[in-house]
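A look at the structure
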Amino acid sequence: MKKSQSNSMQGRPVYVVDGNRSPYLKATKPEKAFKASDLAVKIGIPLLARQAFNGEDLDEVILGCVMPYVDEANIARIVALRLGCGHQVPAWTVQRNCGSGMQALDCAARNIAAGRADLILAGGVESMSYAPILYSTEMAGWLSDLTRARTITDKLRCAGRFRPGYLKPVIGLICGLTDPVVGLSMGSTAEVLAHKFNISRDAMDAYAVQSHQRLAVAHDEGRLSEIETIYDNNGQYYDHDQGVRRDSSVEHLARLKPVFDRPFGQVTAGNSSQVTDGAALLILASEDAVKRYQLEILGEIVDCEWAANDPSEMGLGPVHASALLLQRHNLNLSQIDYWELNEAFAAQVLACCSAFADTHYCQQHLGLASALGNLDQHRLNVDGGAISVGHPVGSSGARIVLHLLHVLQQHQAQTGIATQCIGGGQGGAMLLKRS
């Protein structure tokens, strides 16, 4: 395991003073969906409108996004300009697969801690409905040849080489959710973990049902105040996460067929995260900015850690990143009041719990003397997670940080860790404190 102090955040305190997110909406046809920049702007306008400062007072805007649409290059800059932050506020976009939103927060926090900035708008956004559908390389080559053909004869000759098979589309979303190095889809890596830790289908489905039940209760009890209602151009409003299934049951989920390892696999659509669109934004501030604008503090970003592991076991990234974070701050699992561990797959979350408690895994892969211990399920994803909420990949890391800060406030708790697995075999973990 790498040295735990190598990634430590040092310098001035970094506070989160406000934030919101959109409802997470089921991916649909592009013509019926919000573009990623639209989602960010729709939640950014009311967020900035209630502040004691103006958009021009921000030092920068940083957003995570994995699949911006073709006219959304450097989507953070587009969003910043549309929010009225002015021409003088720089903006940039980061991409760390599922960790993009958390990476944006980490970058913002480090700039504030280092004294390079005092006030930053950061978060993540994704409209998976707009994931590209591409031409094959054969079709692209044929179009290139056709474009270069100068004479009628050359164009006819090129046209004669066309084959209908060239029109077979390349689905960008499928490619993006497949690791090109190990050749496994993200779902297949969850199957690997289910086998490694002997996680049953019943256990996966039961965890998925729990996610839906917890999210439904959180909505009913008004504990998701971070959700900002948004409106489309037809006046229809969206005020809740569309993925929650209140009638979910183990019996219903048991009827679903495996998706990634047919016919014998255990990972199904029902115990996996949902393909969704969404945005989450947070305002980070230094102590100077808090005093200058008399801002209320939601919580403090204490530290952030990134780790890497075998891409075929991608889902164990949270264990590696969290272990380093705990080690650096001399903490154990029981000293963390609440956890948000992004639910990419039920098998992946349960595998992380098993790895935390597995002495052999902790010794062999983390270099520890003993197991980290048992992660209390009553303090993990207490209001559901990506299985019910959804997982717009560029946004999820920011969402779990924002929601964990609200959880700490609601329960009058002190410390929390937001952590997630990342495609390609990585993990991110952020240590938060209620101020």
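From a predicted model like this one, the values you see are computed outputs, not experimental measurements. (Residues numbered from 1 in each chain as written. Predicted model: local features only at pLDDT ≥ 70, side-chain atom pairs only at ≥ 80, totals over all residues. Heavy atoms only, no water.)

1. Focus: the layout of surface pockets
Approximately 490 Å³ is the volume found for the largest pocket. Along its surface, the largest pocket is lined by 24 residues, and Leu-177, Phe-260, Ser-273, Val-275 and Phe-345 are the ones closest to its centre. Elements that contribute at least two residues to the lining of the largest pocket include exactly α6 (172-176) and α7 (186-196). A breakdown of the residues in the lining of the largest pocket according to their chemical character gives 15 nonpolar, eight polar and one charged. (1 Å grid on protein atoms, 1.4 Å probe; cavity = no way out; pocket = protein on both sides within 12 Å on 5 of 7 lines; lining within 4 Å. Points joined across faces, edges and corners; volume = space filled by probe spheres on them. Helix = DSSP H or I, 4+ residues; strand = E, 2+ residues; numbered from the N terminus. Nonpolar A, V, L, I, M, F, W, Y, C, P; charged D, E, K, R; others polar.)

2. What to know about the packing of helix α4 (residues 137-148) against helix α5 (residues 152-160)
Interhelical geometry of α4 versus α5 gives an angle of 165° and a closest axis separation of 9 Å. Put simply, α4 runs roughly antiparallel to α5. Considering how the two elements wind past one another, α4 and α5 form a crossing that is left-handed. Here Trp-142, Asp-145 and Leu-146 of α4 come into contact with α5, specifically with Lys-155, Cys-158 and Ala-159. In terms of residue class, the contact of α4 with α5 is made up of four nonpolar, no polar and two charged. (Axes fitted to C-alpha atoms, helices over the stretch in contact; angles between N-to-C directions. Parallel < 35°, antiparallel > 145°, perpendicular 65-115°, else oblique. Left-handed = near helix turned anticlockwise from the far one by under 90°. Contact = heavy atoms within 4.5 Å.)

3. A few points about the packing of helix α1 (residues 36-49) against helix α2 (residues 75-82)
The interhelical angle for the contact between α1 and α2, taken along N-to-C directions, is 40°, at an axis separation of 9 Å. Taken together, α1 and α2 sit at an angle that is classed as oblique. When you trace α1 past α2, the crossing you get is right-handed. Every residue of α2 that contacts α1 at Ala-36, Ser-37, Asp-38, Ala-40 and Val-41 is listed here: Ile-75, Ile-78, Val-79 and Arg-82. Here the contact of α1 with α2 is built from residues that sort into six nonpolar, one polar and two charged.

4. Some thoughts on unusual backbone geometry
Most of the time, phi is negative for any residue but glycine, and the peptide bond is trans. Residue Pro-263 is bonded to the preceding Arg-262 through a cis peptide linkage, with omega at -5°. Position of Pro-263 relative to the elements: it lies in the loop between α9 (250-253) and β12 (276-285). Despite not being glycine, Asn-198 shows a phi value in the positive range, around 55°. Structurally, Asn-198 can be placed in the loop between α7 and α8 (201-220). Its identity as a non-glycine residue notwithstanding, Gln-294 has a phi of 55°, on the positive side. Relative to the helices and strands, Gln-294 is located in the loop between α10 (287-293) and β13 (299-308). Residue class for Gln-294 comes out exposed when judged on its relative accessible area of 72%. (Buried < 20%, exposed > 50% of the residue type's maximum accessible area, 1.4 Å probe, protein only.)

5. Quick look at helix α12 (residues 346-356)
In terms of burial, α12 is a largely internal element, ten of the eleven residues being buried. Along α12, the residues that are buried comprise Ala-346, Ala-347, Gln-348, Val-349, Leu-350, Ala-351, Cys-352, Cys-353, Ala-355 and Phe-356.

6. Concerning the side chain of Gln-348
Relative to the helices and strands, Gln-348 resides in helix α12. A relative accessible area of 1% means that Gln-348 is categorised as buried. Excluding residues that lie within four positions of it along the chain, Gln-348 makes contacts with Leu-193, Gly-315, Pro-318, Leu-341, Asn-342, Glu-343 and Cys-421.

7. Points about the pattern of salt bridges
Under the definition given, this model contains 21 salt bridges. The salt bridge partner of Arg-82 is Asp-38, with a shortest N-O separation of 3.0 Å. You can see Arg-82 sitting in helix α2 and its partner Asp-38 sitting in helix α1, a full 44 residues away along the chain. Salt-bridge contacts for Glu-221 lead to Arg-223; the nearest nitrogen and oxygen are separated by 2.9 Å. Since its relative accessible area comes to 54%, Glu-221 is described here as exposed. (Salt bridge = Lys/Arg side-chain N within 4 Å of Asp/Glu carboxyl O.)

8. Concerning the nonpolar core
Among the nonpolar cores identified, the biggest contains 47 residues, and Leu-316, Trp-339 and Ile-417 are the most heavily contacted of them. Of all elements in the fold, only α7, α8, α11 (317-328), β14 (338-341), α12, α13 (359-366), β15 (415-422) and β16 (426-433) reach the threshold of two or more residues within this core. Residues contacting Ile-417, with those up to four places away along its chain left out, are Ser-322, Leu-325, Leu-326, Ile-336, Tyr-338, Trp-339, Glu-340, Leu-404, Ala-429, Met-430 and Leu-431. The next biggest cluster of nonpolar side chains, apart from the first, holds 38 residues, and it includes Val-14, Ile-112, Cys-304 and Val-382. (Core = buried A, V, L, I, M, F, W, Y, C linked by side-chain atoms within 4.5 Å.)

9. Examining the environment of Ala-398
With respect to the secondary-structure elements, Ala-398 resides in helix α15 (residues 393-410). In this structure, the C-alpha to C-alpha distance between Ala-398 and Ala-27, residues 371 residues apart in sequence, is 19 Å. Each residue touching Ala-398, except ones within four places of it in the same chain, is listed here: Gly-101, Met-102, Leu-105, Gly-123, Gly-124, Ala-280 and Leu-282.

10. Re the environment of Leu-167
Within the secondary structure layout, Leu-167 lies in the loop between α5 and β7 (170-171). For the pair Leu-167 and Leu-184, spaced 17 residues apart in sequence, the C-alpha separation works out to 25 Å. When near neighbours in sequence (up to four residues on either side) are disregarded, Leu-167 contacts Met-139 and Phe-162.

11. Focus on the pairing of β16
Side-chain direction in a regular strand flips from residue to residue, so the side chains alternate between the two faces of the sheet. Within β16, six of the eight residues are buried, which leaves the element mostly enclosed by the surrounding structure. The pairing of β13 with β16 spans eight bridges and is antiparallel. In the sheet register, Glu-300 faces β16, and the bridge partner there is Lys-433. Looking at chain direction, β15 and β16 are connected through eight bridges and run antiparallel. When the bridges of β16 are listed, Ile-417 appears paired with Leu-431. What sits between β15 and β16 in their antiparallel hairpin is a turn of three residues, with Gly-424 showing a positive phi close to 100°. (Pairing = 2+ DSSP bridges.)

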